[in-house]
Amino acid sequence: MARRERAFAHELAYGTTRLRGRLDHLIAPHAHRGLDRVDPHVLELIRLGAYQAFYLDAVPPYAAVSESVKQARVLAGGRASGFVNAVLRRVAEAGDGPGRFPAVDADPVGHLSTWGSHPRWLVERWLGRWSVDEVSKLVEANNTRPDVYVVPLDGSPVEALERLRDGGIAAEAVGGGSRCLRLAAAASVSLALATLGAAIVQDPAANFVALFADVPTGTMVADLCCSPGGKVLALPAPRPRAFAADRSESRIHVMRENARRVGRPVSCVVADAVHPPIREAGAVLLDVPCSGTGTLARHPDARWRLTRDAVEEMAELQGRMLAAAADVVQPGGLLVYSTCTLEPEENGEQVAAFLARRKDYALEPTDAVPRALRNADGCLEMTPQQQGFDGSFAARLRRVA
């Protein structure tokens with residue numbers, strides 16, 4: 001498949017998934033049997049057609065309808081193709097103007113779940129914590145195509161930027177203390193990595209977690225949830241020894257390959273963080289599995305897979321991982337807990353519950369990241385609507401000697 005065709009397929013798949021809630025709201029009045037009774041494959045074809053008709057300028061509406069009908073005939077036969085044709089034509093004629101959606105002032109939940117294309121329960125959860133304006137900004141950020149960033153591990157970001165430009169690769173420095181370089185939309189990621197050599201792909205939110213960890217260079221580090229290894233690799237070098245574990249064998253393979261490619265010595269093993277495969281370490285990184293609500297722009301399908309119970313389930317697992325990791329840290333050592341979620345139960349409340357159980361630990365703030373990125377407790381806290389990157393949270397926990 002040619003690069004142009006891959007880019008089109010990527011935009012079509014990600015865009016349709018990102019705006020699924022909006023598209024379903026536009027389609028529903030014209031699918032009189034109800035969306036829940038439409039064959040899922042046929043419904044997906046209608047969504048793809050509607051997305052092309054409304055949001056891809058390169059595809060005329062008639063072509064979007066025609067191609068969708070053709071695909072439906074191949075997939076499900078003549079009856080399905082007729083249904084797709086009728087629904088898409090009515091959807092295209094009705095349009096997607098503001099009048100088709102609930103007004104944000106009169107019905108903020110309705111507006112943000114349809115036009116904003118987010119699950120209703122998630123919008124309600126966020127509105128319980130933030131203003132309508134703040135949640136609107138968050139939803140808008142999640143519906144924006146995310147940029148791609150690379151982090152040079154050797155030399156300065158300025159030197160790396162010059163090397164990229166010498167190689168004909170357009171990029172710009174993020175700044176603000178981050179080592180990240182934002183690649184231009186048309187830039188090749190693989191070519192950028194090859195040009196820089198020791199470099200990784202990493203969003204500034206994740207890079208700030210590595211900076212916030214503020215681990216002294218002589219400390220032995222164990223990353224117990226390493227996939228895909230970006231945070232432990234982004235720690236300052238040289239480092240005498242690093243250890244990485246993850247329960248996924250395929251992810252450990254990626255971790256090994258990334259460490260080899262950038263020339264960082266890291267011992268890797270397949271293991272569950274609930275049962276750490278190491279006795280002790282001077283510093284432990286625990287980037288736990290989470291609901292991931294800070295990365296919905298990068299993973300648009302995640303918003304539709306999340307359930308109301310996901311946050312509670314994740315928090316229970318995180319608590320067990322924290323308890324296990326805490327016993328690995330040497331007296332006087334450091335435990336860095338991090339997530340890519342926006343939910344308090346997985347972030348500040350999780351840390352508070354841990355500190356209530358473990359009197360041998362205390363929060364230890366650091367000035368390694370800008371003050372604007374730290375909350376009142378000294379923890380790292382970033383949100384897509386405030387910083388424009390992924391969301392992230394991290395806490396530095398010092399074990400009392």
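Bear in mind that the values here come from a model prediction, so they are computed numbers and not experimental data. (Residues numbered from 1 in each chain as written. Predicted model: local features only at pLDDT ≥ 70, side-chain atom pairs only at ≥ 80, totals over all residues. Heavy atoms only, no water.)

Caption draft 1: Examining the packing of aromatic side chains more closely. In total, this model carries five aromatic pairs according to the counting rule given. Plain terms: the ring middles of phenylalanine 101 and tryptophan 115 are 5.2 Å apart, the flat faces sit at 75° to each other, and that makes the pair edge-to-face. Linking phenylalanine 101 in the loop between helix 5 (78-94) and helix 6 (108-114) with tryptophan 115 in the loop between helix 6 and helix 7 (120-127), this pair joins segments that are 14 residues apart in sequence. Residue tryptophan 115 is classed as partly exposed on the basis of its relative accessible area of 32%. (Phe/Tyr/Trp six-rings, centres within 6.5 Å; stacked < 30°, edge-to-face > 60°. Helix = DSSP H or I, 4+ residues; strand = E, 2+ residues; numbered from the N terminus. Buried < 20%, exposed > 50% of the residue type's maximum accessible area, 1.4 Å probe, protein only.)

Caption draft 2: Molecular detail of the packing of helix 15 (residues 310-326) against helix 16 (residues 348-357). Look at helix 15 against helix 16: their axes get within 11 Å of each other, and the N-to-C directions meet at 45°. Taken together, the axes of helix 15 and helix 16 are oblique relative to one another. Where helix 15 crosses over helix 16, the two elements pack in a sense that is right-handed. Contacts from Ala315, Gln318, Gly319, Leu322 and Ala326 of helix 15 reach helix 16 at Gln350, Phe354 and Arg357. Of the residues contributing to the contact of helix 15 with helix 16, the split by class is four nonpolar, three polar and one charged. (Axes fitted to C-alpha atoms, helices over the stretch in contact; angles between N-to-C directions. Parallel < 35°, antiparallel > 145°, perpendicular 65-115°, else oblique. Left-handed = near helix turned anticlockwise from the far one by under 90°. Contact = heavy atoms within 4.5 Å. Nonpolar A, V, L, I, M, F, W, Y, C, P; charged D, E, K, R; others polar.)

Caption draft 3: Molecular detail of helix 7. All of the buried residues along helix 7 are Trp121, Leu122, Val123 and Trp126. On its buried face, helix 7 sits against helix 6 and helix 8 (132-142).

Caption draft 4: Highlighting unusual backbone geometry. Its identity as a non-glycine residue notwithstanding, serine 117 has a phi of 55°, on the positive side. Assignment of secondary structure puts serine 117 in the loop between helix 6 and helix 7. Notably, aspartate 214 is not glycine yet its phi reads approximately 50°, a positive angle. Counting through the fold element by element, aspartate 214 comes out in the loop between helix 11 (204-213) and strand 5 (221-223). Aspartate 214 sits in the partly exposed class, given a relative accessible area of 38%.

Caption draft 5: Structural context of the sheet that holds strand 4 (residues 199-201). Taken together, four strands build an open sheet; the order of strands is 2-3-1-4 and the sheet is antiparallel. Every interior strand has two partners, whereas the edge strands, strand 2 (171-173) and strand 4, have only one. Pairs of neighbouring strands in the sheet enclose a mean axial angle of 30°, with direction left out of account. Judged from the three bridges that link them, strand 1 (residues 149-152) and strand 4 form a sheet pairing that is antiparallel. Each bridged residue has a counterpart across the sheet, and for proline 152 the counterpart in strand 4 is alanine 199. (Pairing = 2+ DSSP bridges.)

Caption draft 6: Structural detail: the state of the cysteines. Going through the model one piece at a time under the given rule, you end up with zero disulfides. Between cysteine 268, a free cysteine, and cysteine 226, which holds the nearest cysteine sulfur, the sulfur-to-sulfur gap is 6.1 Å. When its relative accessible area of 16% is taken as the criterion, cysteine 268 is described as buried. Unpaired in terms of disulfides, cysteine 340 finds its nearest cysteine sulfur in cysteine 290, a separation of 3.5 Å. The exposure class assigned to cysteine 340 is partly exposed, which follows from its relative accessible area of 27%. (Disulfide = S-S within 2.5 Å.)

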